[in-house]
Structures are given as structure tokens and as C-alpha cells.
Amino acid sequence: MNSPPPIQVGYDGWSDDYQQRAFFSISFQINVKSCTPHGKGSEKDGNKNRFRNVIKARTRGRKNAGMKKTALDSKTVLINVVAVACEVGNCVGCWLPNRTCNKCLFAFVCFLFVFAIQKRRRASPAMNPSEWFSEISNELWPGQCFSVKVKQVLHEERSKYQDIKIIQSESHGVVLILDGIIQCTERDEFAYQEMISFLPLCCHPNPQRVLIVGGGDGGVAREVAKHPAVLEVHQVEIDERVVELSKQYLPFMACGFESPKLKLTIGDGFEYMKQHEGAFDVIITDSSDPIGPAESLFRESYFELVKRALKPNGIICSQGGSFWLDAGHVRETLDYCRKHFPRVTYGLAAVPSYPTGQIGFFIASLNPETEFREPARQFEDAEIDQLGLRYYTTDVHRAAFTLPRFAAKALNP
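Report follows, based on the coordinates. In this text, all values refer to a predicted model and were calculated from it rather than measured experimentally. (Residues numbered from 1 in each chain as written. Predicted model: local features only at pLDDT ≥ 70, side-chain atom pairs only at ≥ 80, totals over all residues. Heavy atoms only, no water.)

## A look at the overall build of the chain
Secondary structure summary: the chain contains 13 helices and 15 strands in total. Here the chain, with 413 residues, has 49% of them falling under the buried criterion. Considering only intrachain contacts with a sequence separation of at least 6, the fraction spanning at least 24 residues in the chain is 65%. Summing over all exposed atoms, the chain offers an accessible surface of approximately 20000 Å²; the carbon and sulfur share of this is 51%. (Helix = DSSP H or I, 4+ residues; strand = E, 2+ residues; numbered from the N terminus. Buried < 20%, exposed > 50% of the residue type's maximum accessible area, 1.4 Å probe, protein only. Contact = heavy atoms within 4.5 Å. Areas by Shrake-Rupley, 256 points an atom, 1.4 Å probe, with all protein chains shown as cover.)

Next up, the structure:
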């Protein structure tokens, strides 16, 4: 009997997961020397059948040659694998438990192999180890994204309010991701935490009582508690799971919850401020970007509410996005703020893992005499080191309010 030619089934394609573009190829090659269809010949003839197979699964580039490449979905692949095995063995009847042959066993193993790959991709579409997470948002930064290579997926879940992912990256340490947006990375989180905290604190002559809205990772609480003048830190965070998971996976930030100055409340920030009018010297809003639930934190009604929760001459500071992405939205938010505060400005910090590598802050004061560029409280280098600050200094404070000319023209009235 002449041996049929080798049969190849190729499965090449690009991962359809938007966070990764890992090209992969799975090829099956079956070389048959001789084959007597099981069930049609004698038992003796069946024993003479020689069946050899090689399975290769490897990652390779698009220019790989040597076999025909076709982009197939998982269903097509599975059908082809079974069809090949049946064509070689012509033995549908061999699926009976007491008559299983090597050919059908091979087909079944291939079925499980490809099915397992597809199931894994569906279960965790963007967070597979040794692949990439890309922060894609067509609403906030269309046409661009920041990516980190995933070393290990530490945790994934859906809380009552948002999707929470925590990964160990190869370049930026532990990364906290909420609803697909990077909130902080171990490598550069201190830049953001120090600036959103110390810019308003050092603009106030005596910031004894501070409120933090949001900030469930604990980073802002960690920094606010360092300031010598601060006696009480009140924090309200709506998502308890962010707090709990930060304590488990981000202890370098969640250590802020251990301060004896801190009182943490799990609840809604709007309701909390309504119940604490005229109570705080400084209010810091550590929010996510202005889409979804966080969008309300960038509206005029929010600044009106925050104003009522301040003491006389109080100061607020909120995450302010980037003028590189949407200067119009930044200007609009500043105008909302100007309707309720006599002194309003916009400061900058460099945070490489944030879109454009910069993040801004809306800072406003009820005291018309406040001079943002010249901090009311200044620290010497020795004090900076003693406080454990790595980004903020008095000189950095002054420089934070110096904007590029195009930005100053776009944001200032």
C-alpha cells in the first residue's frame, strides 16, 4: 500500500486581544508510512499500521516560512484536526472506549490542546504572563497608549464598582489597573503621590485637618501623614476592595493606612462632604480619569460642594489630567473652579507611566492672597530626606507652576 503524503494543518494568526499582539503559530504534521483502515482489515493487519506524528507549538515571526499559513478561528482549527485524524485512520468507529486507536487518541489530544489555548485566552484576554498590557482608551487618549510587559498576573476581579487588576510587570514593578486604566506603578508612583499632597499642603500656612477623597491605594495618605503640621487625616473611599487589595499587593503604598493620624471611611465622598461643611483646611481629590463615575468629580457642582466643606482660607487639589491630551477639557474644568474660588492655578508633575508622561493638578484657594508659586512652608534638603520625599522639593514646587507658553495661553483666562 502506498503511503499517503504528509498532511499539514496550520493555524497562524494574530491574537485579537487588544492588549497584546503576540504572533503565534501552531502546526500539526502527520507522516504516515502505511495505514490499513481499522475495522476494515484484520486485527493482524491493524497491528502493522505505523502512525507517527509531530506536534510543534512555538512563537515565531510573521515571516516564518515552510508551511501554508491561514488565519483560522478556533472552531475551524478543531474541525481540521479531527478531519485529518479521521482521514488518516478512516476510523470513526474507533471512538468506542474498547476500540480506541492511536489515531483517534491523537485527534482527541489535539482537540484538548487547541481548546485549552482558546479557553485561556478568553478567560484572561489581556493579562497573560509574558505578554503585554496596553492602556488603550479611545475616549481619553485616542491613537496612543502606554504598555508594560506582564511578568505575572497577581489578581483580577470585578468589585461592586469597577474592574480591578494587579500585575507584576517586568519594568515598573507592581501595577494597579482600574477599568483598564493604570492608576499607579511601583516604579514612579511616588512622584504623583508627593505632588498631589505637598503642593496644596505647602501652600497652606497651617494644614492641620486634611480630607482625602478617593486614594484607595493609600499612597496619598502615606504622603499627607508625613507633613509635620498635619494632625488629622480623614479619608473617604467608595471601593473597599481597592483598599483591601492594596494592603495585600501594594504594601509600599498601603502603609499610609497605618498612620495614627488617619481615619478611613468606606463610603461616598459626596455624601461625606455634605455632612462635614466647614471642616477641613485642605481637601485632596485623588480620582481616576474623567470618564464613567469619576466624571462628576470634574464638574462645577463638585467644586461647589468641596468649597462648602473647607474652612476659611482652605485649599483644594484635584487630579487634573494633561493639557497634551485635551487642553480644552482642562480649561473647562479650571473655569468651573474659578466660579467658586478666587485663586486657581494648574500645576505639573512628571510621571512616566501616565499618558504623555505628565499629570496635572487643579489647585484652588479661598484665600485671595495665596501665592501658589511661593510655598508657605519650605523644607531644607535635610528635612526633605528626613521626611522620605524623593520627588518633591521647594524648587520643584516653584517649577511645577511654570507652564509651556502654548499651555499657559490655552489654560489661563
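## Some details on the packing of aromatic side chains
Evaluation of the coordinates by the stated rule reveals twelve aromatic pairs. Each ring, one from F323 and one from F406, has its centre 5.5 Å from the other, and the planes form 80°; the classification is edge-to-face. Residue F323 is found in helix α10 (residues 323-338), and its partner F406 is found in helix α13 (residues 405-411); the two are separated by 83 residues along the sequence. Among the aromatic residues, ring-to-ring pairing joins F323, W324, Y346, F362 and F406 into one connected group. Sitting over the ring of F190, R390 keeps its end group 3.9 Å from the ring centre. (Phe/Tyr/Trp six-rings, centres within 6.5 Å; stacked < 30°, edge-to-face > 60°. Lys NZ or Arg CZ within 6 Å of the ring centre and 35° of its normal.)

## Comments concerning unusual backbone geometry
At D179, a position not held by glycine, the phi torsion is positive, near 50°. Checked against the element boundaries, D179 lands in the loop between β7 (174-178) and β8 (181-185). One non-glycine residue with positive phi stands out, namely N313, at about 65°. Here N313 shows up in strand β13 (residues 310-319). Judged by relative accessible area, which is 41%, N313 ranks as partly exposed.

Treat this as a map of the structure, not an account of what it does.
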